[in-house]
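# Structural characterization, general
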Amino acid sequence: MARTRSIRNRKKRSKKEPIEIDITSLLDILVILLIFLLRSYNSSGVTLTIPKGIELPLSSSATYNKAGVMIQVSKDKIWVDTEVVLDVENAPKHIYDEGGRRIIPLYNVLVKKKEKIKAIAKQVPQAQNFSGMTNLIVDKSLKYSYIKKIMYTCAAAGFKEYKFVVMGEEQY
Amino acid sequence: MGYKTPTRRKAKANLKKINLIPILDAVFIFIFFLLMSTQFVKIFEIGSVVPILSNSPPPKVKKKPLGLTITIKKNALIVSHAKPRQISKRINKNSDGQYNLSALHDYLVGLKKKYRAEELVILEPKVDLKYEVIIHIMDSIRMMNKTDDPLFKKDVDGVDTQIKTLFSKIIFGNLMS
């Protein structure tokens, strides 16, 4: 006891060893996190919003999504880029024209979208030109006759390419 | 009077090594829980283009296109092509009432062996199918399966490259009608 308190050992005592933290387990966690992040990484950079009421069909496709105007279609609603354009419950009387092939509210919104994209492309040189691409996020239980109307409306509004958004089968 | 420890020395003596191991163990378990409860949803796409309607004559090409058309009828899938325009195969539904997609796929693989550069197919659903069924039909038309015989074609440099897609450019033929 006296030895530790002596003036001779004061210097030695003051030089305490730095705290050592065992980082092995921390590194284990980081490795797992890295795998987790790599596994869920999507290089396309496209953010898709799938509203409630839409169940995507399974597909063996492995093509990543590209940016485009998003059209979400459920049994009772249609959204364009998450904005509701048609709600069947509160819909006006006449929503179809051109012999029942074109959905008027969807057509109007799509034309506005197209004009907006074109106007931005004119003003901002870095902005992407109008690609005419639509990402169709459609509920799997919907019938072809309805999807056909949506596709026809897109084409009429000047969108020449459809991308059917599907869920990869690999994960199951 | 007894020895009194200087205040600074007292403070230094109080520094204790924190035992992080139980905390890290807990975080480790938490990450496992996170991994197990996460659904790795992979979202992909299937492309299609709008058919172009025109009165002008088609552009002259050296090789006539195959003009492959698949008509989806109530009880069968009809495969036809435009060289010459004829029904080349009728694939009836299975006994369970489902479309025989494996038979369709096998037939298309046979066609692809003959027309390796062809990618285009016109899809004409004549019945009001569910979207999910259409996607399954499109899948069997678009992609080569791993179990299919490998097919090769020469690329621009004359090197043999494996064909991974069957008829990947799908156009809905009756969209404008």
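Our subject is the structure that appears above.
Residues numbered from 1 in each chain as written. Chains lettered and ligands numbered in written order. Predicted model: local features only at pLDDT ≥ 70, side-chain atom pairs only at ≥ 80, totals over all residues.

## Section: the overall build of chain A
Short version of the rule: Strands here are runs of E lasting at least two residues and helices are runs of H or I lasting at least four, both read from the DSSP assignment and numbered beginning at the N terminus. Counting other C-beta atoms within 10 Å of each residue's C-beta, where C-beta atoms are placed from the backbone, gives the exposure class: buried for 20 or more, exposed for 12 or fewer, partly exposed between. Note on contacts: residues are paired as contacts if their backbone-placed C-beta atoms lie within 7 Å.
Helix and strand content of chain A: five helices and eight strands. Counting from the amino terminus, helix and strand elements in chain A follow one another as α-α-α-β-β-β-β-β-β-α-β-α-β. Among the 172 residues that make up chain A, the fraction classed as buried is 25%. Restricting to contacts in chain A with at least 6 residues of sequence separation, those with at least 24 account for 61%.

## Focus on helix α3 (residues 101-114) of chain B
So the rule is basically this: Here a helix's expected span is defined as the number of its residues, less one, multiplied by 1.5 Å.
For α3 of chain B, which comprises 14 residues, the first-to-last C-alpha distance of 20 Å matches the rise-based estimate of 20 Å (1.5 Å per residue) to within 8%. Contacts made by the buried residues of α3 of chain B are with α4 (131-142) of chain B.

## Quick look at the interface of chain B and chain A
Basically, it comes down to this: Strand pairing is assigned whenever DSSP identifies at least 2 bridges connecting the two strands.
Facing 34 residues of chain B, the contacting portion of chain A comprises 47 residues. Sorting the residues of the side of chain B that touches chain A by element identifies α2 (21-37), β1 (43-49) and α4 of chain B as the ones contributing at least two each. Element by element, the count of residues in the side of chain B that touches chain A is highest for β1 of chain B, at seven residues. Looking at chain direction, strand β8 (residues 161-168) of chain A and β1 of chain B are connected through seven bridges and run antiparallel.

## Considering unusual backbone geometry
Residues and elements named next belong to chain A. Unusually for a residue other than glycine, T82 sits at a positive phi of about 65°. Structurally, the position occupied by T82 is in the loop between β3 (77-80) and β4 (83-87). One non-glycine residue, E98, adopts positive backbone phi at about 50°. Judged by the 13 C-beta atoms lying within 10 Å of it, E98 is partly exposed.

## A look at the pairing of strand β3 (residues 76-82) of chain B
All names here are of chain B. With burial as the criterion, only one face of β3 is covered, namely that bearing L77, V79 and H81; the residues A76, I78, S80 and A82 on the opposite face remain uncovered. Direction of pairing for strand β2 (residues 69-72) relative to β3: antiparallel, over a ladder of four bridges. Looking at the pairing, I70 lines up with V79 of β3. Following β2, the chain reverses through three residues before pairing antiparallel with β3.

## So, the nonpolar core
Worth spelling out the cut-off: For this entry, the nonpolar core is defined as buried Ala, Val, Leu, Ile, Met, Phe, Trp, Tyr and Cys residues connected by C-beta atoms within 7 Å.
Within the largest apolar cluster, 54 residues are counted, with the highest numbers of intra-cluster contacts made by I150 and M151 of chain A together with I141 of chain B. For this core, the element with the most residues is helix α5 (residues 144-156) of chain A, which contributes seven residues. With residues near it in sequence (within four places) discarded, I150 of chain A still touches I71, V73, I103, L106 and L136 of chain A.

## Remarks on the packing of helix α4 (residues 104-123) of chain A against α5 of chain A
All names here are of chain A. We apply this condition: To define axes, lines are fitted to C-alpha atoms, for helices over the stretch in contact only, and angles between the resulting N-to-C directions are given on a 0 to 180 degree scale. If you view the pair so one helix is near and one far, a crossing is left-handed when the near helix is turned anticlockwise from the far one by less than a right angle, and right-handed when it is turned clockwise. Three residue categories are used. Nonpolar comprises Ala, Val, Leu, Ile, Met, Phe, Trp, Tyr, Cys and Pro, charged comprises Asp, Glu, Lys and Arg, and polar comprises the others, including Gly.
Where α4 meets α5, the axes come as close as 9 Å, and the angle between the chain directions of the two elements is 35°. Like other packed secondary-structure pairs, α4 and α5 cross with a definite hand, here right-handed. Residues L106, Y107 and L110 of α4 touch α5, and the partners they reach there are I150, T153, C154 and A156. Its residues placed into classes, the contact of α4 with α5 shows six nonpolar, one polar and no charged.

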